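What follows is each chain in one-letter form.
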Amino acid sequence: MPTLMWFRSDLRVTDNTALWHACRDASREKAGVVAVYTICPDQWASHDMAPVKVDLILRTLRELSTELGTLNIPLRILNAPRFSDVPAALLKVCREVGAQAVYLNKEYEINELRRDEAVAGALADEEISTHAFDDQTVVPPGSLRTGEGRWYTVFTPFKKSWIKLLEAQGIPEALPRPKKQEPLTITSDEIPLRIKGPFMTFDPWPRPELWPAGEKAAMKRLSRFVEKSIASYKDHRDIPGIDGTSTLSHHLSIGSISPRQCLHAALEANSGKLDGPSPGATHWISELVWREFYRHLLAAYPRLCMGRAFKPETERIMWRDDPEGFDAWREGRTGLPIVDAAMRSLLHTGWMHNRLRMVVAMYLTKDLLIDWRHGERHFMRHLVDGDLAQNNGGWQWSASTGTDAAPYFRIFNPISQSRKFDPDGTFIRRWVPELADLDSETIHDPSELPLLLRSTLKYPEPIVDRAIVKDRVLAAFQAIKA
Ligand SMILES: Cc1cc2nc3c(=O)[nH]c(=O)nc-3n(C[C@H](O)[C@H](O)[C@H](O)COP(=O)(O)OP(=O)(O)OC[C@H]3O[C@@H](n4cnc5c(N)ncnc54)[C@H](O)[C@@H]3O)c2cc1C
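Rules and cut-offs
- Residues numbered from 1 in each chain as written.
- Predicted model: local features only at pLDDT ≥ 70, side-chain atom pairs only at ≥ 80, totals over all residues.
- Heavy atoms only, no water.
- Helix = DSSP H or I, 4+ residues; strand = E, 2+ residues; numbered from the N terminus.
- Areas by Shrake-Rupley, 256 points an atom, 1.4 Å probe, with all protein chains shown as cover.
- Lys, Arg positive; Asp, Glu negative; His and termini not counted.
- Charge placed at Lys NZ, Arg CZ, Asp CG, Glu CD.
- Near = heavy atom within 4 Å.
- Polar contact = N/O pair within 3.5 Å; in protein donor to acceptor, adjacent residues only side chain to side chain.
- Phe/Tyr/Trp six-rings, centres within 6.5 Å; stacked < 30°, edge-to-face > 60°.
- Buried < 20%, exposed > 50% of the residue type's maximum accessible area, 1.4 Å probe, protein only.
- Expected span 1.5 Å × (residues − 1).
- Contact = heavy atoms within 4.5 Å.
- Salt bridge = Lys/Arg side-chain N within 4 Å of Asp/Glu carboxyl O.
- Domains from an automatic or database assignment.
- Buried area = accessible area lost by both parts, 1.4 Å probe.
- Nonpolar A, V, L, I, M, F, W, Y, C, P; charged D, E, K, R; others polar.
- Core = buried A, V, L, I, M, F, W, Y, C linked by side-chain atoms within 4.5 Å.

1. Things to note about the overall build of the protein
Next, step 1: A count of helical and extended segments in the protein gives 20 helices and 7 strands.
Next, step 2: Working note: accessible area of the protein is about 21,300 Å², and carbon and sulfur atoms make up 53% of it.
Next, step 3: The centroid of the 62 positive side-chain charges in the protein is displaced by 2 Å from the centroid of its 63 negative side-chain charges.

See the structure below:
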């Protein structure tokens, strides 16, 4: 009887916990493994999944199918428009191949949890067992608690506890590729080029070369980053004009690389230590911990998956209704060069530098006083690495509705951020060509130029008066205390 391996956001063969266990257990039983992936276009649309991400998933599935082929594991593709269609689709394939067990790596978002409960129930009714594994993080959600047994809600103590646990228990090894099995008579399905659901069509994304797909591409990127850039990561990570970060988030979000593989690579560059001699590697590990922190939070607080604020009292903030302001932000025509450059880069590439994600999120929520949920959704609709836990965490942190532990109210001045992190205007020049000829001083704030000169630039005037921003947002946050 073959065993079913259900792939979801773990699209790799090496260091895949559920796949490794499925193959080991099946070979003990002298059985084979059949892989399945469920395509859920309506559910994806309702989760605001970006076309660029769907395209990455499809291209990654093609790579995965090839990798699985070298192990004689066929990959079946199931169509299940919504999560509610998944139990029947899986049962059908279990019956077809005679599977008695389904292996999977856990997902922690609320709709995914409910789907998995329904699947496990439907399978159990037919005496098919489900085997679920923690695989998305180095330390499984829920295994770190405060002295009072609560989930951590502040990053720094979470990180200390994460390091303490790994120093005490050792770093989990990355699992090897499973062994090749005897061939089965089941053949792999074609991976579609586009996905047409009843309500939404995902067409191929026009610039796939920006996001090479599959675990080989991910490992290549990781090796190149560790070899060339990890040492200078701490100094370069905030400069969007420099290619100083790993750009691995899209691979992490769909699991074409594992966080353990990333951590081991960083440890090699850091004399085997979590907090070691390389400031760059130590800092990069800290970013991997942020990723773990937000995933733990999502597992602990299901309301984060339901559009609710982490700090409940901030639900009372009177956000402004400003469709024109929101459109200008989305389209990169706010009249603030660093914001416009960042927003245009997102639309064109499907990705945005972390420093700029913070700058534009602060601008939307503090300068324009627009509800963070609008920004969160726009990001999900355009990001190749769109990930509910990280995106929600980043947005709520920036909007001061989340876990920012700063004892004061954090507002970035986007012009100061621009001068500090894009000092020569390299990034602005790349994405706002109207301003390419301005000098490195005025490029950050062309509104300082004389009106006559400004009118020749064909660049919008600022849509918000910076003089009122601080008072307006502070008043909105003060009002909820009354
Ligand atoms: C408003 C906002 C929205 C965001 N939305 C997402 C999202 O949808 N998906 C996503 O993966 N990340 C998101 N981030 C986090 C971060 O911006 C990206 O992970 C990072 O820019 C990816 O680039 P990189 O792979 O080169 O990161 P590196 O700097 O090389 O970091 C390595 C890895 O660590 C993790 N990481 C880095 N910074 C953060 C961070 N601030 N928070 C959580 N994890 C982090 C990522 O997995 C990243 O790939 C968001 C941040 C903000 C402020």
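2. Digging into the site of the ligand
Next, step 1: In the region of the ligand, 28 residues are neighbours, and Y233, T245, S246, T247 and N354 sit closest.
Next, step 2: Within the backbone of L248, one N or O atom sits 2.9 Å away from an oxygen atom of the ligand.
Next, step 3: Contact distances for the ligand include 2.9 Å between an oxygen atom and a side-chain N or O atom of W284.
Next, step 4: Compared with its free state, where it exposes 820 Å², the ligand has 95% of that area covered by protein.

3. A few points about the packing of aromatic side chains
Next, step 1: All told, the structure shown has 19 aromatic pairs when counted by the stated rule.
Next, step 2: Measuring from centroid to centroid gives 6.4 Å for W44 and F202, while their planes differ by 65°, and the two rings are edge-to-face. Here W44 is found in helix α2 (residues 41–46), whereas its partner F202 is found in strand β7 (residues 201–202), with 158 residues between them in sequence.
Next, step 3: Here W44 falls in the buried class, since its relative accessible area comes to 5%.
Next, step 4: Exposure remark for F202: the relative accessible area of 1% places this residue in the buried category.

4. So, helix α5 (residues 110–125)
Next, step 1: The terminal C-alpha atoms of α5, which comprises 16 residues, lie 23 Å apart, in line with the 22 Å expected from a rise of 1.5 Å per residue.
Next, step 2: The complete set of buried residues in α5 reads I110, E112, R115, D116, V119, A122 and L123.
Next, step 3: Looking at the buried side of α5, the elements it contacts are β1 (3–7), α4 (86–97), β4 (101–105) and β5 (129–133).
Next, step 4: The positive-phi residue at the C-terminal boundary of α5 is E127, with phi of around 60°.

5. A short note on the pattern of salt bridges
Where charged atoms from two side chains of opposite charge come close, those side chains can pair.
Next, step 1: Enumeration according to the criterion identifies 37 salt bridges in this entry.
Next, step 2: Ionic pairing is found between D15 and R260, a salt bridge with its closest N-O pair at 2.9 Å. Linking D15 in the loop between β1 and α1 (17–28) with R260 in helix α10 (residues 259–268), this pair joins segments that are 245 residues apart in sequence. Each member of the pair D15 and R260 is classed as buried.
Next, step 3: As a salt-bridge pair, K216 and E67 come within 3.2 Å of each other at their nearest N and O atoms. Note that K216 is positioned in helix α7 (residues 215–228) and E67 in helix α3 (residues 51–70), a separation of 149 residues in sequence.
Next, step 4: Judged by relative accessible area, E67 falls into the buried class, the value being 8%.
Next, step 5: Bridged by salt links that share partners, the residues R8, E107, R115 and D116 form one connected network.

6. Considering the environment of I370
Next, step 1: Locating I370 in the fold gives a position in the loop between α14 (354–367) and α15 (372–382).
Next, step 2: Placed 45 residues apart in sequence, I370 and G325 show a C-alpha to C-alpha distance of 8.6 Å.
Next, step 3: Setting aside chain neighbours within four positions, we find I370 in contact with W319, R320, D322, G325, F326, L364 and T365.

7. Description of the domain arrangement of the protein
One widely used convention gives an interface's size as the accessible area the parts lose upon coming together.
Next, step 1: According to the domain assignment, the protein consists of domain 1 (3–135), domain 2 (136–174 + 215–300) and domain 3 (312–479).
Next, step 2: Its C-alpha centre places domain 2 at a distance of 27 Å from the equivalent point of domain 3.
Next, step 3: Every contact between the two is made by 19 residues of domain 2 and, on the other side, 20 residues of domain 3.
Next, step 4: Both faces combined, the contact of domain 2 with domain 3 buries some 1,700 Å², and carbon together with sulfur accounts for 59% of it.
Next, step 5: The largest contributions to the domain 2 side of the interface with domain 3 come from D238, P240 and Y294, which together make up 36% of the buried area.
Next, step 6: At the junction of domain 2 with domain 3, the criterion picks out 2 salt bridges.
Next, step 7: Scanning the region where domain 2 abuts domain 3 turns up 8 residue pairs in polar contact (both at pLDDT 80 or more).
Next, step 8: If one sorts the elements of the side of domain 2 that touches domain 3 by residue count, helix α11 (residues 279–300) sits on top with 7 residues.
Next, step 9: Of the residues belonging to the side of domain 2 that touches domain 3, the class tally is 8 nonpolar, 7 polar and 4 charged.

8. Things to note about the side chain of D322
Next, step 1: Within the fold, D322 resides in the loop between α11 and α12 (323–331).
Next, step 2: Assessed through its relative accessible area of 14%, D322 is described here as buried.
Next, step 3: A polar contact of 3.2 Å, which involves the side chain of D322, links it to the side chain of R320.

9. Thoughts on α3
Next, step 1: End to end, α3 covers 29 Å across 20 residues, agreeing with the expected 28 Å (1.5 Å per residue, within 8%).
Next, step 2: The element α3 is extensively covered by neighbouring structure, given that 14 of its 20 residues are classed as buried.
Next, step 3: Positive backbone phi, approximately 65°, marks N72, located one or two places after α3.

10. Focus: the side chain of R454
Next, step 1: Among the structural elements, R454 can be located in helix α19 (residues 451–455).
Next, step 2: A polar contact is formed between the side chain of R454 and the backbone oxygen of S447, at a distance of 3.0 Å.
Next, step 3: Sequence-distant contacts of R454, that is, excluding residues within four places in its chain, are made with P446, S447, L449 and E461.

11. Some details on the nonpolar core
Next, step 1: The biggest cluster of nonpolar side chains holds 85 residues, and the ones touching the most others in it are W162, L263, W284, W329 and V339.
Next, step 2: If you count residues domain by domain, this core takes at least three from each of domain 2 (136–174 + 215–300) and domain 3 (312–479).
Next, step 3: Grouped together as the second largest cluster of nonpolar side chains are 63 residues, I39, W44, V93 and V102 included.

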